[in-house]
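Coordinate analysis (summary)
Spelled out, the chains give:
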Amino acid sequence: MPFRLLIPLGLLCVLLPLQHGAPGPDGTAPDPAHYSFSLTLIDALDTLLILGNVSEFQRVVEVLQDNVDFDIDVNASVFETNIRVVGGLLSAHLLSKKAGVEVEAGWPCSGPLLRMAEEAARKLLPAFQTPTGMPYGTVNLLHGVNPGETPVTCTAGIGTFIVEFATLSSLTGDPVFEDVARVALMRLWESRSDIGLVGNHIDVLTGKWVAQDSGIGAGVDSYFEYLVKGAILLQDKKLMAMFLEYNTAIRNYTRFDDWYLWVQMYKGTVSMPVFQSLEAYWPGLQSLVGDIDNAMRTFLNYYTIWKQFGGLPEFYNIPQGYTVEKREGYPLRPELIESAMYLYRATGDPTLLELGRDAVESIEKISKVECGFATIKDLRDHKLDNRMESFFLAETVKYLYLLFDPANFIHNNGSTFDAVITPYGECILGAGGYIFNTEAHPIDPAALHCCRRLKEEQWEVEDLMREFYSLKRNRSRFQKKTMSSGPWQPPTQPGTVSSPESHDQSREKKPAKPKIPLLSCPSQPFTSKLALLGQVFLDSS
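None of these values were measured; they are calculated from a predicted model. (Residues numbered from 1 in each chain as written. Predicted model: local features only at pLDDT ≥ 70, side-chain atom pairs only at ≥ 80, totals over all residues. Heavy atoms only, no water.)

With respect to unusual backbone geometry
Residues other than glycine predominantly adopt negative phi, and peptide bonds predominantly adopt the trans conformation. Residue Pro 108 follows Trp 107 across a cis peptide bond; omega there is 10 degrees. Within the secondary structure layout, Pro 108 lies in the loop between helix H4 (78–95) and helix H5 (112–124). Phi at Asp 257 is positive, roughly 50 degrees, even though this residue is not glycine. Tracing the backbone through its elements, the reader meets Asp 257 in the loop between strand E7 (255–256) and strand E8 (259–260). Of note in this structure, His 382 is not a glycine but carries a positive phi near 65 degrees. Among the secondary structure elements, His 382 is positioned in the loop between strand E16 (376–378) and strand E17 (383–384). Residue classification places His 382 among the partly exposed positions, given a relative accessible area of 33%. (Helix = DSSP H or I, 4+ residues; strand = E, 2+ residues; numbered from the N terminus. Buried < 20%, exposed > 50% of the residue type's maximum accessible area, 1.4 Å probe, protein only.)

Written out as structure tokens, the structure reads:
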């Protein structure tokens with residue numbers, strides 16, 4: 001695949017007017033409309049590094065640090081702010097050293113971009129203050145949840161936090177983020193139907209399903225994705241077991257000839273025989289759990305639609321073999337290209353490169369305009385819309401580039417790594433196995449292990465110091481007592497020094513915590529393994 005076809009996409013990032021989100025000429029803060037553009041800058045930041053534009057990455061980091069302010073009166077999507085802003089900042093923070101940004105002592109467990117990510121995430125926490133623990137869909141960044149906010153949230157808007165929030169908790173040491181994400185995941189799990197399916201929208205105050213259509217597409221998609229990616233990132237057996245149970249129900253009730261339809265969540269009867277372009281992530285997700293054969297068959301179904309129109313329409317009527325009225329557009333979504341990238345890493349099948357070539361040529365021929373790449377309003381006649389979504393920069397460009405760049409650092413198979421010295425010891429980072437959030441922001445799982453381990457060790461040292469000084473004080477009191485009152489007598493009051501025998505008994509009852517080797521890698525405690533090359537999650541049983 002000639003790289004010249006990717007050059008227009010590689011040049012795309014320099015088209016961004018980076019100063020657009022800066023304060024106005026009179027020195028006032030940017031108006032709320034600029035929040036969305038700052039979002040685009042954050043969303044596209046790690047794409048710059050993956051495409052090799054280090055100098056622009058460094059410049060954008062400076063722009064963001066100088067100008068981004070989350071204390072603004074804006075109603076923001078909790079879901080979108082998490083995956084784009086929090087995820088984008090976390091990824092950029094973890095990639096900063098590789099991009100030549102000067103990092104502070106304590107990195108990757110501290111840093112300005114990490115503090116920005118934490119600030120943004122804290123703005124979202126009021127949304128989780130519901131009777132069920134499932135979050136509202138919208139929050140005001142200045143005032144919290146508006147009094148009249150609708151309690152109806154889509155399933156993906158509830159179950160798409162564990163990757164970013166667990167990363168944030170691991171890096172900062174504050175468990176609140178991972179805690180609220182896990183509660184939200186569990187509430188959805190407990191709300192599934194008797195046949196194992198979840199609906200599309202739920203009332204976060206009552207826990208009652210409002211929309212009962214069940215499928216793998218819009219409104220549900222990234223919930224399933226985050227069960228798998230959360231399981232890999234955190235080595236969490238329970239999350240993987242939850243997905244595998246869902247996967248069985250999905251195969252039993254929604255799959256027909258390697259297509260996935262929409263069904264009624266309680267009965268399993270077909271409600272919409274349509275394919276949605278957002279569903280094209282599914283073959284990539286299947287590859288992560290090792291289901292390569294089914295993934296390829298489904299991918300090829302979706303590829304036939306691409307070849308029919310030069311893109312994936314938002315809705316496609318499967319029985320009729322054509323687009324659905326008012327859903328004929330293609331906003332340059334990444335999902336099919338994402339699946340091609342994952343599957344190519346797993347199989348090396350050249351058919352997947354053909355899809356990549358077709359995607360580059362279609363985007364170049366149909367949507368390229370003077371100031372960027374426009375959304376295709378109608379795939380039937382290729383009319384364009386006057387907009388370009390930020391996910392095109394964050395995801396579509398990135399996955400296309402990675403599909404054709406086998407030597408990219410993202411594809412590292414563990415043969416190289418960076419040894420980073422922190423105030424608490426040495427960490428191994430950048431060895432590969434990056435986990436992409438649903439907005440294609442890569443997270444290095446080793447950083448979570450490093451910072452979590454360092455903070456745990458720091459806490460252990462503090463505990464030991466407290467215990468040491470406590471024993472020292474007790475010993476001092478003990479010595480004074482024996483000098484003044486004759487022979488030693490066993491203590492009877494709590495809080496005093498116990499006998500050696502009781503110490504021995506205590507040690508027998510409380511086994512010592514196993515020590516973790518300083519340079520150990522994250523362990524794999526269950527019978528599955530993550531192959532760094534291709535990030536394929538395989539069941540070895």
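Still more to cover.
Considerations on the packing of helix H8 (residues 176–190) against helix H10 (residues 237–253)
Orientation of H8 relative to H10, taken along the N-to-C sense of each, is 30 degrees, at an axis distance of 12 Å. Our classification of the angle between H8 and H10 gives roughly parallel. Crossing hand, H8 versus H10: left-handed. Across from Arg 182, Leu 185, Met 186, Leu 188 and Trp 189 in H8, the residues of H10 making contact are Lys 238, Leu 239, Met 242, Glu 245 and Tyr 246. (Axes fitted to C-alpha atoms, helices over the stretch in contact; angles between N-to-C directions. Parallel < 35°, antiparallel > 145°, perpendicular 65-115°, else oblique. Left-handed = near helix turned anticlockwise from the far one by under 90°. Contact = heavy atoms within 4.5 Å.)

Some points on the UniProt feature "binding site: Ca(2+)" (unreviewed entry) in the chain
Sequence positions flagged by UniProt for "binding site: Ca(2+)" (unreviewed entry) are, in local numbering, Thr 438. Within the secondary structure, Thr 438 is located in the loop between strand E20 (435–436) and strand E21 (442–443). In this structure Thr 438 comes out as buried when scored by relative accessible area, which is 15%. Here the side chain of Thr 438 touches Glu 225 through a polar contact of 2.8 Å, side chain to side chain. (UniProt positions renumbered as here; feature names shortened; annotations may be inferred. Polar contact = N/O pair within 3.5 Å; in protein donor to acceptor, adjacent residues only side chain to side chain.)

So, H4
Across its 18 residues, H4 extends 24 Å between first and last C-alpha, which sits within 8% of the 26 Å expected from 1.5 Å per residue. When the local axis directions of H4 are compared, the greatest deviation, roughly 25 degrees, occurs at Gly 87. Extensive coverage of H4 is indicated by the burial of 17 of its 18 residues. (Expected span 1.5 Å × (residues − 1). Bend = angle between axes of the 7 residues up to and from the residue.)

Observations concerning the sheet that holds strand E6 (residues 213–214)
Read from one edge to the other, the open sheet built from three strands follows the order E6-E9-E10, with strand pairing classed as antiparallel. The sheet terminates laterally at E6 and strand E10 (270–272), the two strands that pair on one side only. Of the strand pairs in this sheet, strand E9 (residues 262–264) and E10 are connected by two bridges, and their pairing is antiparallel. Counterpart to Val 263 in the pairing with E10 is Val 270. (Pairing = 2+ DSSP bridges.)

Let's talk about the environment of Glu 328
Along the chain, the position of Glu 328 falls in the loop between strand E13 (322–323) and helix H13 (335–347). Note: C-alpha distance between Glu 328 and Arg 380 (52 residues apart in sequence) is 7.2 Å. Setting aside its immediate chain neighbours within four residues, Glu 328 contacts Pro 313, Thr 323, Lys 377, Asp 378, Leu 379 and Arg 380.

Remarks on the confidence of the model for the chain
Taken residue by residue, the chain gives an average pLDDT of 84. The fraction at 70 or more is 77%. In this model residues 480–541 is a low-confidence stretch, pLDDT under 50, and it forms 73 contacts with partners more than four residues away in sequence or in other chains. (pLDDT = per-residue confidence, 0-100.)

What about the state of the cysteines?
With the rule as written, the count across this model stands at two disulfides. Each disulfide pairs two cysteine sulfurs, and for Cys 109 the partner residue is Cys 451, the sulfurs being separated by 2.2 Å. The chirality of the disulfide connecting Cys 109 with Cys 451 is left-handed, given an S-S dihedral of about -100 degrees. Placement of Cys 109 in the loop between H4 and H5 and of Cys 451 in helix H16 (residues 445–485) is noted, with a sequence separation of 342 residues between them. Exposure class is identical for Cys 109 and Cys 451. Each is buried. Two residues share a disulfide in this structure: Cys 427 and Cys 450, whose sulfurs sit 1.8 Å from each other. (Disulfide = S-S within 2.5 Å.)

With respect to the side chain of Ser 96
In this fold, Ser 96 is placed in the loop between H4 and H5. Dropping the residues within four chain positions of it, Ser 96 is found in contact with Phe 57, Val 101, Val 103 and Leu 113.

Examining the pattern of salt bridges
Taken as a whole and assessed by the stated rule, the structure comprises 22 salt bridges. Measuring nitrogen to oxygen at the nearest pair gives 2.3 Å for the salt bridge that ties Lys 123 to Asp 71. In this pair, Lys 123 is assigned in helix H5 and Asp 71 in the loop between helix H3 (54–67) and strand E1 (75–77), connecting sequence segments 52 residues apart. The buried category is assigned to Lys 123, whose relative accessible area is 17%. A relative accessible area of 42% places Asp 71 in the partly exposed class. Here Glu 225 and Lys 229 are joined by a salt bridge, their closest N and O atoms 2.7 Å apart. You can see Glu 225 and its partner Lys 229 sitting in helix H9 (residues 221–234), four residues apart, about one turn around the helix. Comparing Glu 225 with Lys 229 shows no difference in burial state: the two are buried. (Salt bridge = Lys/Arg side-chain N within 4 Å of Asp/Glu carboxyl O.)

Some points on the environment of Val 176
Inspection of the secondary structure assignment puts Val 176 in helix H8. The sequence separation of Val 176 and Phe 165 amounts to 11 residues, and the corresponding C-alpha distance is 8.5 Å.

Points about the packing of aromatic side chains
Taken as a whole and assessed by the stated rule, the structure comprises 22 aromatic pairs. Ring centres of Phe 243 and Trp 282 lie 6.0 Å apart, and the angle between their planes is 50 degrees; this geometry places the pair in the tilted category. Taken as a pair, Phe 243 in helix H10 and Trp 282 in helix H11 (residues 282–288) lie far apart in primary sequence, 39 residues in all. Accessibility classification places Phe 243 together with Trp 282 in one group, the buried group. When the centroid spacing of 5.5 Å and the interplanar angle of 80 degrees are considered together, the rings of Trp 306 and Tyr 330 count as edge-to-face. You can see Trp 306 sitting in helix H12 (residues 292–309) and its partner Tyr 330 sitting in the loop between E13 and H13, a full 24 residues away along the chain. (Phe/Tyr/Trp six-rings, centres within 6.5 Å; stacked < 30°, edge-to-face > 60°.)

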